[in-house]
Amino acid sequence: MNRKFLRCIKDGKIVSGYVEDENVFPIDGEFWEDFKVTGESFPMAEIEKWLPPVTPSKLIAIGLNYRAHAEEAKHQIPETPVSFIKSTTSITSHGADIIYPVGLSKAVDYEAELAVVIGKRAYKVDEKEALDYVLGLTCANDVSARDIQKRDGQWMLAKSFNTFTPLGPWIVSGVSPLDLRVTSRLNGQTRQDSRTSDMIFSVPHLIHFLSQVMPLLPGDVIITGTPSGVGRLSDGDVIEIEIENIGVLSNTVKG
């Protein structure tokens, strides 16, 4: 069964729930548990503020996972997944501002990415069974301070500024990650347009690969790489990430 799970603020309180027919149905418990439906509901229009749909213990990013992006970044095609950790404090929500780190970076880029949310503990899982460990999918923007990334050689710091990982607007369960259209729009103009079937390393392979090293826990997030077409962000820009069968993640740049 496909469900859209979200977290938001309503009447000043944090609400976890799912969306059905433009209404939010609050729940007690975690999305990946046998949660209890409270029996209450309210229209989505009454959401006061969107929150990140999940608060992971780990936020793992994959680099250079689309051939055309590796080529535009002038990197060799990787033989194994290129992975790095982003700070979980970089996570922000749909509708929130991306804060430009004025004085620290002069080259901040957007990167449209499919995000995978883990639904049960995954450790040393077989690739053929990897999707059984997925709760659902959401949209991500792997915002990157490109000048700092080039300066350091390491990617973690350049991609971990506060607000540099918008996620949302919700987590959609029951959708296959294997062939989805991924696009980004900057101020209404399409900048990236690809499909997850063009990934060098598929989502099942990424889960298998990462789980050989570390247990992936419920709520953990893997952002799976960006297609070609990345570019600069400036103060006042509106950047939208749209993924087929999931939705649109929209944020405004401030600073």
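Check the entry above for the structure.
From a predicted model like this one, the values you see are computed outputs, not experimental measurements.

Peer 1: Can you tell me about the packing of aromatic side chains, naming the residues and giving the values?
Peer 2: Enumeration according to the criterion identifies six aromatic pairs in this entry. Each ring, one from tyrosine 18 and one from phenylalanine 25, has its centre 5.4 Å from the other, and the planes form 15 degrees; the classification is stacked. For tyrosine 18, a relative accessible area of 8% puts it in the buried group. Using a relative accessible area of 22% as the deciding quantity, one classes phenylalanine 25 as partly exposed.

Peer 1: Which residues make up the state of the cysteines, and what are the values?
Peer 2: By definition, a disulfide links the sulfur atoms of two cysteines through a covalent bond. The full count for this structure, using the stated rule, is zero disulfides. Between cysteine 8, a free cysteine, and cysteine 139, which holds the nearest cysteine sulfur, the sulfur-to-sulfur gap is 17 Å.

Peer 1: So, helix α3 (residues 203–211): which residues are in play, and what are the values?
Peer 2: Along α3, the residues that are buried comprise Val203, Pro204, Leu206, Ile207, Leu210 and Ser211. Each buried residue of α3 sits inside an arc of 165 degrees when the element is viewed along its axis, so together they form one side. Where α3 is buried, its residues meet β7 (59–63), β8 (82–85), β12 (112–118), β13 (134–141) and β18 (221–223).

Peer 1: Before we move on, can you summarise the sheet that holds strand β19 (residues 231–232) with the specific residues and values?
Peer 2: One open sheet accounts for three strands, arranged β14-β11-β19; its pairing is antiparallel. Each of the sheet's edge strands pairs with one partner strand only, and the pair in question is β14 (144–145) and β19. Relative to β19, strand β11 (residues 108–110) runs antiparallel, the two being bridged by two bridges. When the bridges of β19 are listed, tyrosine 110 appears paired with glycine 231.

Peer 1: Quick one: what's the story with the pattern of salt bridges, residue by residue and with numbers?
Peer 2: Tallied over the entire structure, the rule returns 15 salt bridges. Residue glutamate 240 pairs with arginine 185 through a salt bridge whose shortest N-O separation is 3.2 Å. Of the two residues, glutamate 240 sits in strand β20 (residues 238–243) while arginine 185 sits in strand β16 (residues 181–186), which places them 55 residues apart along the sequence. When salt bridges that share partners are traced, they join Lys86, Asp109, Glu111, Asp142, Arg146, Lys159 and Arg232 into one network.

Peer 1: Just give me the short version of a negative patch on the surface, but keep the residues and values in it.
Peer 2: A cluster of acidic residues, Asp126, Glu127, Glu129 and Asp132, forms a negative patch at the surface. Within the secondary structure, glutamate 129 is located in the loop between β12 and β13. Looking at glutamate 129, the relative accessible area reads 43%, which means it is partly exposed.

Peer 1: Which residues make up the sheet that holds β16, and what values do they have?
Peer 2: The five strands lie next to each other as β10-β21-β20-β16-β17, forming an open sheet whose pairing is mixed. The open sheet terminates on both sides in strands that have one partner only, identified here as β10 (97–99) and β17 (189–195). The average angle at which neighbouring strand axes cross in this sheet is 20 degrees, direction not considered.

Peer 1: Now, about the environment of phenylalanine 25: what can you tell me, with residues and values included?
Peer 2: With respect to the helices and strands, the residue phenylalanine 25 is situated in strand β3 (residues 23–28). Along the chain, phenylalanine 25 and proline 43 lie 18 residues apart, while their C-alpha atoms are 9.0 Å from each other. When residues no more than four places from it in sequence are discounted, the contact partners of phenylalanine 25 are Ser16, Gly17, Tyr18, Glu20, Glu40 and Ser41.

Rules used throughout
Residues numbered from 1 in each chain as written. Predicted model: local features only at pLDDT ≥ 70, side-chain atom pairs only at ≥ 80, totals over all residues. Heavy atoms only, no water. Phe/Tyr/Trp six-rings, centres within 6.5 Å; stacked < 30°, edge-to-face > 60°. Buried < 20%, exposed > 50% of the residue type's maximum accessible area, 1.4 Å probe, protein only. Disulfide = S-S within 2.5 Å. Helix = DSSP H or I, 4+ residues; strand = E, 2+ residues; numbered from the N terminus. Arc of directions from axis to C-beta. Contact = heavy atoms within 4.5 Å. Pairing = 2+ DSSP bridges. Salt bridge = Lys/Arg side-chain N within 4 Å of Asp/Glu carboxyl O. Patch = residues over 30% accessible without salt bridge, like charges linked within 9 Å, V, L, I, M, F, W, Y side chains within 5 Å. Areas by Shrake-Rupley, 256 points an atom, 1.4 Å probe, with all protein chains shown as cover. Lys, Arg positive; Asp, Glu negative; His and termini not counted. Charge placed at Lys NZ, Arg CZ, Asp CG, Glu CD. Axes fitted to C-alpha atoms, helices over the stretch in contact; angles between N-to-C directions.

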